[in-house]
Amino acid sequence: MNDPDVRALLARHGLTLSKNLGQNFLRSGAVLEQIASAARPAERILEIGAGIGSLTVLLCREAGQVVTVEIDRSLEPLLRQEVTAENHRFLWSDILKCSWPELAETCFGGKPFTVVGNLPYYITTDILMALFRSLPLWEQAVLMVQKEVADRLFAAPGGKDYRAASVLLQSFCSGELLFDVPPGCFFPPPHVTSTVLRLRPRPDAPEPEPYIRFVQACFAARRKQLAASPALRLLLQTDKEGISALLREAGLPADARGETFSPGDFRRLYNLAQKNFG
Ligand code: SAM
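Residues numbered from 1 in each chain as written. Predicted model: local features only at pLDDT ≥ 70, side-chain atom pairs only at ≥ 80, totals over all residues. Heavy atoms only, no water.

**Observations regarding the packing of helix H2 (residues 29–38) against helix H3 (residues 54–62)**
We count it as follows: The angle between two axes is taken between their N-to-C directions and runs from 0 to 180 degrees, where each axis is a line fitted to C-alpha atoms and a helix contributes only its stretch in contact. Strands here are runs of E lasting at least two residues and helices are runs of H or I lasting at least four, both read from the DSSP assignment and numbered beginning at the N terminus. An angle counts as roughly parallel when it lies under 35 degrees, as roughly antiparallel when it exceeds 145, as roughly perpendicular when it falls between 65 and 115, and as oblique in every other case. Put simply, a crossing is left-handed when the front helix is turned counterclockwise from the back one by less than a right angle, and right-handed when it is turned clockwise. For this analysis, residues touch if any pair of their heavy atoms sits within 4.5 Å. Just so you know the grouping, Ala, Val, Leu, Ile, Met, Phe, Trp, Tyr, Cys and Pro go in nonpolar, Asp, Glu, Lys and Arg go in charged, and all remaining residues, Gly too, go in polar.
Put simply, H2 and H3 touch, their axes get as near as 9 Å, and they point 40° apart. Comparing the axis directions of H2 and H3 gives the class oblique. Read as a crossing pair, H2 and H3 show a hand that is right-handed. Residue-level contacts link Leu 32, Glu 33, Ile 35, Ala 36 and Ser 37 of H2 to Ser 54, Leu 55, Leu 58, Leu 59 and Glu 62 of H3. Grouping the amino acids of the contact of H2 with H3 by side-chain chemistry returns 6 nonpolar, 2 polar and 2 charged.

See below:
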């Protein structure tokens, strides 16, 4: 595809961009093509954030059905001109206020779908959490995030980048970093490099809500020993000795900090916590 002239298109429609909505639009046809082909094969696509519709148009060529959730209704006249494919519809809504089960049912008849988005970076974590919580409704996600966020998500245990989000992502999904996108490929250029990643739900992913609560409690005081974590004690309704016993049973050092455990360790610990503390 040719490089879209984002500036000219916005000017023609008298639009100004909102920094608050993370509106950095792709202006590289090659990158847009790369993202669209990374979504293959996809019969049903849920796109997050339309921008000027450059990615939307390509996605409509890839899939049988495409639904785009876009919060900014001022883009509607432009988007109605740019996106005319019959297999597409817009939902003018805040993705964070959408019920994913309802989206899946009303848009795709309850069938699994692929999520694609050059994400608005100010809500990346919230979108990821919504993705985890909605498992197993979707079957693949191709997302552009800030490079440093991508590095954190795939970080190894023990390092400074290893967080609750790393454990959650690696517990719920298998994933790969596909390619980096420099600031110059956007209008206006953001201050950071971006990365496109692909996620697929793990077949053995835990039930989302209780596992998210457990991992977040383990990281609430990441510099402390896990057995001394007030949040974990509160969640499991036990004391330091109860958590130490759990760690021993899982074959983990009783004086360890959570940030040194692998996602597999967390899973084992969580399963034992469920068994022992319900
Ligand atoms: N897909 C386009 C592209 O690649 O050029 C636009 C990407 S731009 C980084 C993010 C888009 O998400 C913007 O169009 C913005 O208006 C939209 N957006 C921001 N917050 C949103 C929200 N809470 N729900 C839905 N869309 C949102």
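That covers the picture; the talk isn't over yet.
**Concerning the packing of helix H6 (residues 124–133) against helix H9 (residues 208–218)**
Think of two packed helices as two axes; the pair is described by the angle between the axes and how far apart they sit. The N-to-C vectors of H6 and H9 enclose an angle of 135°; their axes lie 9 Å apart at closest approach. As judged from the angle between their axes, H6 and H9 are oblique. Side by side, H6 and H9 meet where Met 129, Phe 132 and Arg 133 of the first sit next to Pro 208, Glu 209, Ile 212 and Gln 216 of the second. Split into classes, the residues belonging to the contact of H6 with H9 amount to 4 nonpolar, 1 polar and 2 charged.

**Concerning the site of the ligand**
Note the threshold: To be near a molecule or strand, a residue needs just one of its heavy atoms within 4 Å of it. Polar contact criterion, stated in full: a pair of N or O atoms within 3.5 Å, where within protein one must be able to donate a hydrogen and the other to accept it, and residues adjacent in sequence count only if both atoms are side-chain atoms.
In the vicinity of the ligand lie 22 residues, with Leu 26, Glu 70, Asp 94, Asn 118 and Tyr 122 positioned nearest. Note that an oxygen atom of the ligand is positioned 2.9 Å from one of the side-chain N or O atoms of Gln 23. A distance of 3.4 Å separates a nitrogen atom of the ligand from a polar atom in the backbone of Ile 71. Of all the secondary structure elements, the ones that give two or more residues to the shell around the ligand are strand S1 (25–26) and strand S3 (65–70). Of the residues belonging to the shell around the ligand, the class tally is 11 nonpolar, 7 polar and 4 charged.

**Thoughts on the environment of Gly 110**
Inclusion rule: The buried label applies to any residue whose accessible area, calculated with a 1.4 Å probe on protein chains only, is under 20% of its type's maximum; exposed applies above 50%, and partly exposed to all values in between.
Within the fold, Gly 110 resides in the loop between helix H5 (100–108) and strand S5 (113–118). Look at Gly 110 and you get partly exposed, because its relative accessible area is 41%. Along the backbone, Gly 110 and Leu 137 are 27 residues apart, and their C-alpha atoms lie at a distance of 7.7 Å. Sequence-distant contacts of Gly 110, defined by excluding residues within four places in its chain, comprise Ala 104 and Glu 105.

**Describing unusual backbone geometry**
Across the chain, the bulk of peptide bonds are trans and the bulk of non-glycine residues have phi less than zero. The omega torsion across Arg 40 and Pro 41 is -15°, close enough to zero to call that bond cis. Examined against the element boundaries, Pro 41 turns out to sit in the loop between H2 and strand S2 (44–48). Cis geometry is found at the peptide bond from Leu 135 to Pro 136, where omega equals 10°. Position of Pro 136 relative to the elements: it lies in the loop between H6 and strand S6 (138–146). Of note in this structure, Gln 237 is not a glycine but carries a positive phi near 55°.

**Here's the deal with the sheet that holds S5**
For the record, the criterion: Two strands pair under a simple rule: DSSP has to find at least two bridges between them.
Reading across the sheet, the 7 strands line up as S4-S3-S2-S5-S6-S9-S7 and stay open at both edges, with mixed pairing between neighbours. Because the sheet does not close on itself, it has two edges, and the strands there are strand S4 (88–92) and strand S7 (173–181). Sheet twist, expressed as the mean angle between neighbouring strand axes with direction ignored, is 20°. Judged from the 5 bridges that link them, S3 and S4 form a sheet pairing that is parallel.

**Examining H6**
Among the 10 residues in H6, 7 count as buried, and that is most of the element. Among the residues making up H6, those that are buried are Thr 124, Ile 127, Leu 128, Met 129, Ala 130, Leu 131 and Phe 132.

**Some points on the pattern of salt bridges**
When their charged atoms lie close together, side chains carrying opposite charge are able to pair. Rule in force here: Whenever a carboxyl oxygen of Asp or Glu lies within 4 Å of a side-chain nitrogen of Lys or Arg, that contact is scored as a salt bridge.
Scanning the entire structure with this criterion turns up 14 salt bridges. Glu 249 is the salt-bridge partner of Lys 275, the closest N and O atoms lying 3.6 Å from each other. Remark: Glu 249 occurs in helix H11 (residues 240–249) and Lys 275 occurs in helix H12 (residues 263–277); sequence separation between them is 26 residues. Under the relative-accessibility criterion, Lys 275 is labelled exposed at 60%.

**Side note on H3**
Since one α-helical turn is 3.6 residues long, residues separated by three or four positions face the same way. Residues Ser 54, Leu 55, Thr 56, Leu 58, Leu 59 and Cys 60 constitute the buried set of H3. The secondary structure elements touched by the buried residues of H3 are S1, H2, S2, S3, S4 and S5.

**Structural notes on the domain arrangement of the protein chain**
The line we're drawing: As used throughout, domain bounds are those supplied by an automatic or database domain assignment. Two parts lose some accessible area (1.4 Å probe) when they are put together, and adding that loss for both gives the buried area.
Here the protein chain is partitioned into domain 1 (6–201) and domain 2 (208–277). A C-alpha centroid distance of 33 Å is found between domain 1 and domain 2. The interface of domain 1 with domain 2 comprises 16 residues on the first partner and 14 residues on the second. Taking both sides of the interface into account, the surface hidden between domain 1 and domain 2 amounts to around 1300 Å²; carbon and sulfur atoms contribute 68%. Sorting the residues of domain 1 by area buried against domain 2 places Arg 133, Tyr 162 and Val 167 first, and these three jointly supply 35% of that buried surface. Applying the counting criterion to the domain 1 and domain 2 interface returns 1 salt bridge. Scanning the region where domain 1 abuts domain 2 turns up 4 residue pairs in polar contact (both at pLDDT 80 or more).

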